[in-house]
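This is what each chain is made of:
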Amino acid sequence: MLTNLLVGSQYPTYQVFVSFFVSCLITALLMPSFIRLMRKDGIGQQVRADGPQTHLVKQGTPTMGGVIILAGMILTTVLFARWTPDLILCVAATIATGLLGLLDDVESVSHGRSLGLTPSQKMLGLIVISVSFCLLAVNWVGVPPTITFPGGFTLDLGVLGFSVGGVSVPWLYLIFVFLLLAGLSNAVNLTDGLDGLAGGTVMVVMLAMSMVAFSYDEINLSVFAAASAGACVGFLWHNCYPAAIFMGDTGSLALGAGFAALAVLTKTEVTSLVMGGLFICEALSVMLQVISFKTTGKRIFLMAPLHHHFEKKGWSETKVVIRFWIVSAMFAAVGFALYFQLR
């Protein structure tokens, strides 16, 4: 009876809505104990020395809150979803990327610097995770190695693939999935620079992905996305300005990977880039800043990522965060509308 009530295939809308609230509650209730533990062990955030001066007061704020975000997401998914191959794969990719972020956080804290793993170490980890995820998605779950664009045009990236021991290796699609997963993971990581910014924007996007998965009749993936959104809300209770804890790379990399995994498994890779448009803008601002400075010696933005540019222009931290939430919601709405154009 309890299993039917929780998993409740007769009431899929119930599953999704309740998973959001349960995940929010679990994360919000577990976080205070984790914050005390981090403070007791002296584990705190290392702030960039070249960042806004107003951020220096955040030095030493407990970090790695992503551990509890992941706990809330996974516990809720266990309660309200059935473990189908696509859900197992989505959760595995999220956890694996979260562990990579945890290594980065531990490295950063142990060496007392704002940088953790080297870029090459992070990239190697993301390559292993994305390639493994893609091969399993294609060969185990049965995800077609195609990309569908607005207007109905479909690009088959499996035509130049090959097989090894009966395992299909669509190498062009492998590259695309790597770029998607690594790109969104790092983009969310770059967005995680202000109190409440990453948590709020990811929450909005995950709610949109939950609706996409639901309309795609992937109830279990919808539950996972809703649980992810709920965990972000529970985290925001403690992360809103002034933050009592940060999610760290543990949370930001994992949430970005979870978003990318959902996009692949629901075949909404293109529309996911629109839904996550704010993350793309944040990542592009860094890329353009680096390219401009190396080629011309001039900076396009006062500081990158983009949210720091507006801080330098005089916007308060809370104003940047709330306005970025609004922009993220607009991107998510446009992406969701495009999704129905592709159905």
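Keep in mind the model is a prediction, meaning the values are calculated, not measured.

Student: Describe the overall build of the protein chain, with residues and values.
Tutor: Of the regular secondary structure elements, the protein chain holds 13 helices and four strands. Scored against the burial criterion, the 343 residues of the protein chain give a buried share of 52%. Considering only contacts in the protein chain between residues 6 or more positions apart, those separated by 24 or more positions represent 75%. Split by element, the accessible area of the protein chain, about 15200 Å² in all, is 70% carbon and sulfur.

Student: For the pattern of salt bridges, give the residues involved together with the corresponding values.
Tutor: Where charged atoms from two side chains of opposite charge approach closely, those side chains can pair. Summed over all chains, the structure comprises three salt bridges. Salt-bridge contacts for Asp 104 lead to Lys 122; the nearest nitrogen and oxygen are separated by 3.4 Å. Separated by 18 residues along the polypeptide, Asp 104 in helix H4 (residues 85-111) and Lys 122 in helix H5 (residues 119-141) bring together distant segments of the chain. This pair shows no difference in class: Asp 104 is buried, exactly as Lys 122 is.

Student: Report on the packing of aromatic side chains, specifying residues and quantitative values.
Tutor: Taken as a whole and assessed by the stated rule, the structure comprises six aromatic pairs. Ring geometry for Phe 20 against Phe 21: centres 5.2 Å apart, planes inclined by 85°, an arrangement best described as edge-to-face. A relative accessible area of 16% places Phe 20 in the buried class. Here a set of aromatic residues connected by ring pairs shows up, and it is made of Phe 310, Trp 315 and Phe 324.

Student: Account for the side chain of Ser 185, with residues named and values stated.
Tutor: For Ser 185, the location among the structural elements is in helix H6 (residues 171-191). There is a polar contact of 3.4 Å between the side chain of Ser 185 and the backbone oxygen of Leu 253.

Student: How would you sum up the packing of helix H7 (residues 197-215) against helix H8 (residues 219-239)? Please name residues and give values.
Tutor: At a minimum axis distance of 8 Å, the contact between H7 and H8 shows a crossing angle of 165°. One finds that H7 runs roughly antiparallel with respect to H8. The two elements H7 and H8 cross, and the hand of that crossing is left-handed. Of the residues in H8, those in contact with Gly 199, Gly 200, Val 202, Met 203, Met 206, Leu 207, Met 209, Ser 210, Ala 213 and Phe 214 of H7 are Ile 219, Leu 221, Ser 222, Ala 225, Ala 226, Ser 228, Ala 229, Cys 232, Val 233 and Leu 236. Tallied by class, residues from the contact of H7 with H8 come to 15 nonpolar, five polar and no charged.

Student: Please provide a residue-by-residue account of the nonpolar core, values included.
Tutor: Phe 133, Tyr 173, Phe 259, Leu 262 and Leu 265 are the most contacted members of the largest nonpolar core, which totals 81 residues. Broken down by element, the residue count for this core peaks at eleven residues, all from H6. Excluding residues within four positions of it along the chain, Leu 262 makes contact with Cys 90, Met 206, Met 209, Leu 221, Phe 224, Ala 225 and Thr 268. Formed by eight residues, the second largest nonpolar core is a distinct cluster that contains Leu 197, Leu 278, Phe 301 and Phe 324.

Student: Break down a nonpolar patch on the surface for me, citing the residues and quoting the values.
Tutor: There is a patch of nonpolar side chains on the surface, built from Val 159, Leu 160, Phe 162, Val 164, Trp 171, Ile 175 and Leu 179 and spanning about 690 Å² of accessible area. Secondary-structure elements contributing two or more residues to the nonpolar patch are strand S3 (162-164) and H6. Along the chain, Val 164 falls in strand S3.

Student: Lay out the side chain of Ser 252 in plain terms, naming residues and giving numbers.
Tutor: Topologically, Ser 252 is positioned in helix H9 (residues 248-265). Looking at Ser 252, the relative accessible area reads 0%, which means it is buried. In terms of polar contacts, Ser 252 uses its side chain to reach the side chain of Asn 189, at 2.9 Å. Setting aside residues up to four positions removed in sequence, Ser 252 forms contacts with Ser 185, Val 188, Asn 189, Asp 192 and Met 247.

Student: Let's hear about unusual backbone geometry: which residues, and what values?
Tutor: Note that the residue after Tyr 241, namely Pro 242, is joined by a cis bond; omega there is -10°. Considering the arrangement of structural elements, one finds Pro 242 in the loop between H8 and H9. At the junction of Ala 304 and Pro 305, the peptide bond is cis and its omega measures out at 0° in the coordinates. Note on placement: Pro 305 falls in the loop between helix H11 (277-296) and helix H12 (306-312). In this structure, Met 64 takes a positive phi of about 65° despite not being glycine. Backbone geometry places Asp 217, a non-glycine residue, at a positive phi of 70°. Within the element layout of this structure, Asp 217 appears in the loop between H7 and H8.

Student: Would you mind going over the packing of helix H3 (residues 66-80) against H9 in detail, with residue names and values included?
Tutor: Between H3 and H9, whose axes approach to 7 Å, the crossing angle comes to 45°. Taken together, the axis directions place H3 and H9 in an arrangement best described as oblique. Contacts from Gly 66, Val 67, Ile 69, Leu 70 and Met 73 of H3 reach H9 at Thr 250, Gly 251, Ala 254 and Leu 255. Tallied by class, the residues present in the contact of H3 with H9 amount to six nonpolar, three polar and no charged.

Student: Give me the lowdown on H11, citing residues and values where you can.
Tutor: Between its first and last C-alpha, H11 extends 27 Å over 20 residues, near the 28 Å set by a 1.5 Å rise per residue. Taken together, the buried positions of H11 are occupied by Gly 277, Leu 278, Phe 279, Glu 282, Ala 283, Ser 285, Gln 289 and Ser 292. A positive phi of about 80° marks Gly 297, the residue just after H11.

Parameters at a glance
- Residues numbered from 1 in each chain as written.
- Predicted model: local features only at pLDDT ≥ 70, side-chain atom pairs only at ≥ 80, totals over all residues.
- Heavy atoms only, no water.
- Helix = DSSP H or I, 4+ residues; strand = E, 2+ residues; numbered from the N terminus.
- Buried < 20%, exposed > 50% of the residue type's maximum accessible area, 1.4 Å probe, protein only.
- Contact = heavy atoms within 4.5 Å.
- Areas by Shrake-Rupley, 256 points an atom, 1.4 Å probe, with all protein chains shown as cover.
- Salt bridge = Lys/Arg side-chain N within 4 Å of Asp/Glu carboxyl O.
- Phe/Tyr/Trp six-rings, centres within 6.5 Å; stacked < 30°, edge-to-face > 60°.
- Polar contact = N/O pair within 3.5 Å; in protein donor to acceptor, adjacent residues only side chain to side chain.
- Axes fitted to C-alpha atoms, helices over the stretch in contact; angles between N-to-C directions.
- Parallel < 35°, antiparallel > 145°, perpendicular 65-115°, else oblique.
- Left-handed = near helix turned anticlockwise from the far one by under 90°.
- Nonpolar A, V, L, I, M, F, W, Y, C, P; charged D, E, K, R; others polar.
- Core = buried A, V, L, I, M, F, W, Y, C linked by side-chain atoms within 4.5 Å.
- Patch = residues over 30% accessible without salt bridge, like charges linked within 9 Å, V, L, I, M, F, W, Y side chains within 5 Å.
- Expected span 1.5 Å × (residues − 1).

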